[in-house]
2 protein chains.
Amino acid sequence: MKKGKATIHDIAEKLNITASTVSRALNDNPRISENTKKQVIKMAKQLNYQPNHIASALRSGKSKLIGVLVPTANRNFFSSVVRGIEEIANELDYKVIISQSYEDFEKEVQTVDALLNARVDGIIASIGKNTDTFDHFKKVLDKGIPLILFDRITNELDVSQVVIDDYQGAYEVTRHLIDQGCKRIVHLTSPKKINIYRERLRGYEDALKEAKIPLDPDLVEEGNMQLEDGRISMEKIIRKGVSFDAVFSSSDYAAMGAMQVLREHKISVPDQVKLAGFGNEPFTSFTAPPITTVDQKSIPMGRVTAETFFELLKSENNKKATHKTVLKPELIIRESSLNKS
Amino acid sequence: MKKGKATIHDIAEKLNITASTVSRALNDNPRISENTKKQVIKMAKQLNYQPNHIASALRSGKSKLIGVLVPTANRNFFSSVVRGIEEIANELDYKVIISQSYEDFEKEVQTVDALLNARVDGIIASIGKNTDTFDHFKKVLDKGIPLILFDRITNELDVSQVVIDDYQGAYEVTRHLIDQGCKRIVHLTSPKKINIYRERLRGYEDALKEAKIPLDPDLVEEGNMQLEDGRISMEKIIRKGVSFDAVFSSSDYAAMGAMQVLREHKISVPDQVKLAGFGNEPFTSFTAPPITTVDQKSIPMGRVTAETFFELLKSENNKKATHKTVLKPELIIRESSLNKS
């Protein structure tokens, strides 16, 4: 026996019977004699065969595993969504396995294969920033395996989706900065095609328009959304010599980078420049000053995503009219954006 | 056909042949006629059967998946170890799936089952804080499935292990604080039985002994290691009214909580009290002042762990003399522990 993983074929070989007899015996099929059943069960134990796992999964098509594909699990937002998914899944006796794409398209494709290889009953995914073709997800749908998207979504797949209202979140942050007297608001955004940054940019623009503040393209800086990218973007803005009285970053990490650069340039936050991020990463409450941000309701998002998933799983042939759930984000106002009272 | 997942039994039923004939046909067994093979392959395609996945994995006992069990993926340390594991695994065309125990014993047990259910070729695990029996891991070994432990280990399992020298890391931090003139050093530690906190406590104690500074049990505070726990422990120390000139926390999160409480009590870091954490979480470099800490060499740890895993996987019957690899940590000195120059 090889590598400790016995199959029904190993049991069949040892007992000199057919694999289907073994399969039927393990399934307690009435056509198999009690004696054969006993022998099969004894040999299965002897060979350390896992009847409840592989065999029953192959039989029923159920592994009771949900594969969750995220760009990275080391982001409070994604890990909290996963936690929300697990809360619902565990109640239903399902387990969650996670796979990361690291925002790399090739890895994302391979990761989908890996989850299929793990025989998951369905996939819940958030798309990488660099993904613009979706054949790897179409393959999942072609196999009849349930697929739900959250946060990073695409309209190119006919699947149910769960998002927060990124537009509304960004609109409210910008509105808040305007209410604090800011008129020259820098916006750090991503050049990536992904829906979330597009929507946040739109929220920023509409809040300015509504307040009759002219849009200045010089104040919108594109870059990746990590801490280092926020540093680079902030340096660019300062070097341009444009005047500004606030920074709204589409990510908390870039906001943190921007705040470091402002500090290095002796520009005081919030006295001279107000600052806000997006995501409510835990560190935003640790910093001095704590950073205003938008909470993305990640645990509720995970729960709703899992509920949507299980509705689909329970439906006839895993087919169900697709729908989009939009959750309300929450503006968290902290010292970084407030006038001293 | 149910749920889109065809099995060899579905193919067998459609063609009115036995499942073992289907299996043999898919394996290109010479005892099966070319005509039957063609029919089976045609039906397999028609039913969207996945021959490269389930069947070949059952056949070869190889899913090319490694299951990684961590307390939480949302900690820079664990996610970096996973990244190191993936670097090596991907080179060898293996994929990694992650499962979280959330430091919950019951979940840890179920998670091991979930990984087995996903037919992983082996498991790399870091044990939860509340785990003190190991039958769920013994089951993995009994099945002949390779198991490697990292960071949170136990001597109750005869498996290879990869750790950093927690003792050395803590010794060096404490030494550094003593070199800065500190004599009354608070230590925040965990009551949990887990090896890492025990070793760090030992490093702290030995550095004090060596410098002939008496150990004061009043300065050692036990608590969990999250931010909130650091806050609670620090409040306790302050309420006790004992004098102290430094805080060394066994976790960066608890160090951050302690720093917040010190700030609220108008105790200046580093002027009045020096502060150090453990783990080199990214936020420790964001804070004002940035926090001295110990880098756990997480990516190298992941790479070494994966290399140890693959050595075991390639060995005869997955059996190999077990060994422990101990990596050197790195002291990262920042403003929070330095005398102003």
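Quick caveat, the model's predicted, so the values are computed rather than measured. Each residue is numbered by its place in its chain's sequence as written, counting from 1. Chain letters start at A and ligand numbers start at 1, both assigned in the order the entries are written. For this predicted model, a pLDDT threshold of at least 70 governs which residues receive local features, and a threshold of 80 or more governs which side-chain atom pairs are given and counted, while totals over whole chains, interfaces and linings are taken from all residues. Water and hydrogen atoms play no part in the side-chain values, which are based on all heavy atoms of the structure.

For the rest of this paragraph, the subject is the overall build of chain A. Looking only at helices and strands, chain A has twelve helices and twelve strands in total. Its C-alpha radius of gyration of 26 Å places chain A more than 25% over the 20 Å reference for a compact globule of 341 residues. Each principal axis of the C-alpha atoms in chain A carries an extent, and together these give about 85 × 40 × 35 Å. Looking at chain A as a whole, 60% of its 341 residues are labelled buried. What counts as a helix is a DSSP run of H or I of at least four residues, what counts as a strand is a run of E of at least two, and both are numbered from the N terminus. We take the radius of gyration over the C-alpha atoms and set the globule estimate at 2.2 Å times the residue count to the 0.38 power. Relative accessibility decides the category of a residue: with a 1.4 Å probe and only protein chains considered, values under 20% of the type maximum give buried, values over 50% give exposed, and everything between is partly exposed.

Moving on: the packing of aromatic side chains. For Phe, Tyr and Trp, rings pair up if their centres lie within 6.5 Å, where Trp contributes its six-membered ring, and each pair is then called stacked (planes under 30 degrees apart), edge-to-face (over 60) or tilted (otherwise). Following the criterion strictly, the structure yields 14 aromatic pairs over all chains and no others. Judged by centre distance (5.1 Å) and plane angle (75°), the rings of A:Phe283 and B:Phe286 are edge-to-face. Of this pair, A:Phe283 sits in the loop between β9 (274-276) and β10 (293-295) while B:Phe286 sits in the loop between β9 (274-276) and β10 (293-295), which puts the two residues in different chains. Residue B:Phe286 is classed as buried on the basis of its relative accessible area, which comes to 6%. Members of the aromatic cluster, joined through ring pairs, are A:Phe77, A:Phe78 and A:Phe150. Each ring is checked for a lysine NZ or an arginine CZ that lies within 6 Å of its centre and within 35 degrees of its normal; such an atom marks a charge sitting over the ring. The ring centre of A:Phe278 lies 3.8 Å from the NZ or CZ of A:Arg200, which sits over that ring.

Residues and elements named next belong to chain A. Criterion for a salt bridge: a side-chain nitrogen of Lys or Arg within 4 Å of a carboxyl oxygen of Asp or Glu. Overall, the coordinates contain 32 salt bridges over all chains when judged by the stated rule. Between arginine 303 and glutamate 87 there is a salt bridge, with its nearest N and O atoms 2.5 Å apart. Placement of arginine 303 in helix α12 (residues 298-314) and of glutamate 87 in helix α5 (residues 76-91) is noted, with a sequence separation of 216 residues between them. The partly exposed category is assigned to arginine 303, whose relative accessible area is 29%. Glutamate 87 gets classed as partly exposed once you look at its relative accessible area, which sits at 30%. Two residues, arginine 231 and glutamate 264, come together in a salt bridge whose shortest N-O distance is 2.9 Å.

Residues and elements named next belong to chain A. Any two strands with at least two DSSP-identified bridges between them are counted as paired. Spatially, β7-β6-β8-β9 is the arrangement adopted by the four strands of the open sheet, whose pairing is parallel. Looking at strand neighbours, the two that pair on one side only are β7 (220-222) and β9, the edges of this open sheet. The average undirected angle you get between the axes of adjacent strands in this sheet is 15°. In this description, contact between two residues means that some pair of their heavy atoms is separated by no more than 4.5 Å. Every angle, taken between N-to-C directions, lies between 0 and 180 degrees, and every axis is a line fitted to C-alpha atoms, over only the stretch in contact when it is a helix. Contacting β6 (185-189), β8 (246-249) and β9, helix α8 (residues 166-179) crosses the sheet at an angle of about 170° to β8. Along the sheet face, helix α10 (residues 227-240) touches β6, β7 and β8 and points at about 140° away from the line of β7.

Here the focus is the relation of the copies chain B and chain A. Here the copies are superposed with least squares, the fitted atoms being C-alpha atoms of residues at a pLDDT of at least 70 in both. Between chain B and chain A, the superposition needs a rotation of 179° and an axial shift of 0.1 Å, giving an RMSD of 0.4 Å. Such a turn and shift between the copies fits a two-fold axis. Of the interface residues in chain B, 98% have counterparts in chain A that sit at the interface too, so the contact is made through matching surfaces.

Interfaces are often described in size by the accessible area the parts lose on coming together. At the interface, 61 residues of chain B touch 60 residues of chain A. For any pair of parts, buried area is found by adding up, for both, the accessible area (1.4 Å probe) each one loses once the two are put together. In total, chain B and chain A occlude about 5,400 Å² of area from one another, counting both sides; carbon and sulfur atoms represent 53% of this. Counting across the chain B and chain A interface gives zero salt bridges. Considering every element that reaches the side of chain B that touches chain A, the biggest residue donor is helix α6 (residues 105-117) of chain B, with seven residues. Its residues assigned to classes, the side of chain B that touches chain A shows 21 nonpolar, 24 polar and 16 charged. Under the convention adopted here, Pro, Cys and the residues Ala, Val, Leu, Ile, Met, Phe, Trp and Tyr are nonpolar, Asp, Glu, Lys and Arg are charged, and Gly plus all remaining residues are polar.

Here we come to the environment of A:Pro146. Here A:Pro146 is to be found in the loop between α7 (135-142) and β4 (147-150). For the pair A:Pro146 and A:Gly122, spaced 24 residues apart in sequence, the C-alpha separation works out to 4.7 Å.

This next bit is on the pairing of strand β2 (residues 95-100) of chain A. Successive side chains on a regular strand alternate, one facing one side of the sheet and the next facing the other. Taken across its six residues, β2(A) has six buried, putting it largely inside the fold. With burial as the criterion, each face of β2(A) is covered, one bearing A:Lys95, A:Ile97 and A:Ser99 and the other bearing A:Val96, A:Ile98 and A:Gln100.

Residue and element names in this part refer to chain A. In contact at an axis separation of 8 Å, helix α1 (residues 8-15) and helix α2 (residues 19-26) are set at 110° when each is read in the N-to-C sense. With respect to their mutual orientation, α1 and α2 come out roughly perpendicular. Across the interface between the two elements, Ile8, His9, Ile11 and Ala12 of α1 pack against Ala19, Val22, Ser23 and Leu26 of α2. Should an angle fall under 35 degrees it is called roughly parallel, over 145 degrees roughly antiparallel, and 65 to 115 degrees roughly perpendicular, with every other angle called oblique.

Residue and element names in this part refer to chain B. Helices are assigned an expected span. That span is 1.5 Å times one less than the residue count. Taking 1.5 Å per residue as the helical rise, helix α5 (residues 76-91) with its 16 residues ought to reach 22 Å, and the 23 Å between its terminal C-alpha atoms agrees with that figure. For α5, the tally of buried residues reaches twelve of 16 residues, placing the bulk of the element in the interior. Along α5, the residues that are buried comprise Asn76, Phe77, Phe78, Ser79, Ser80, Val81, Val82, Gly84, Ile85, Glu86, Ile88 and Ala89. Trailing α5 by a residue or two, aspartate 93 shows a phi angle of about 65°, which is positive.

Assigned domains of chain A: these are domain 1 (8-51), domain 2 (60-164 + 298-330) and domain 3 (166-296 + 332-337). Here the C-alpha centroids of domain 1 of chain A and domain 3 of chain A sit 65 Å apart. For the purposes of this description, domain bounds are those given by an automatic or database domain assignment.

With that out of the way, let us pick up unusual backbone geometry. All names here are of chain A. Omega for the peptide link from valine 269 to proline 270 comes to 5°, which places this bond in the cis form. Note that proline 270 resides in the loop between α11 (252-264) and β9. Cis geometry is adopted by the peptide bond preceding proline 289, which originates at alanine 288 and carries an omega value of -10°. Along the chain, the position of proline 289 falls in the loop between β9 and β10. If you check the backbone angles, lysine 212 has positive phi at about 55° while not being a glycine. Here lysine 212 shows up in the loop between α9 (195-210) and β7.

The subject of this paragraph is the sheet that holds β9(B). Residues and elements named next belong to chain B. Within the open sheet, the four strands sit side by side as β7-β6-β8-β9. Their pairing is parallel. Edge strands, defined here as strands with exactly one partner in the open sheet, are β7 (220-222) and β9. If you compare each strand with its neighbour and ignore which way they point, the axes differ by 15° on average. Sheet analysis places strand β6 (residues 185-189) next to β7, joined by three bridges and oriented parallel. When the sheet's bridge partners are listed, histidine 187 is paired in β7 with valine 220. Its contacts with the sheet put helix α10 (residues 227-240) on β6, β7 and β8 (246-249), and the angle it makes with β7 is roughly 140°.

With that settled, consider the environment of A:Thr131. Residues and elements named next belong to chain A. With respect to the helices, strands and loops of the structure, threonine 131 is situated in the loop between β3 (122-125) and α7. Classification of threonine 131 as buried rests on a relative accessible area of 11%. Distance in space between the C-alpha atoms of threonine 131 and glycine 203 is 24 Å, their sequence separation being 72 residues. Setting aside residues no more than four positions away along its own chain, threonine 131 makes contact with Phe105, Glu108 and His136.

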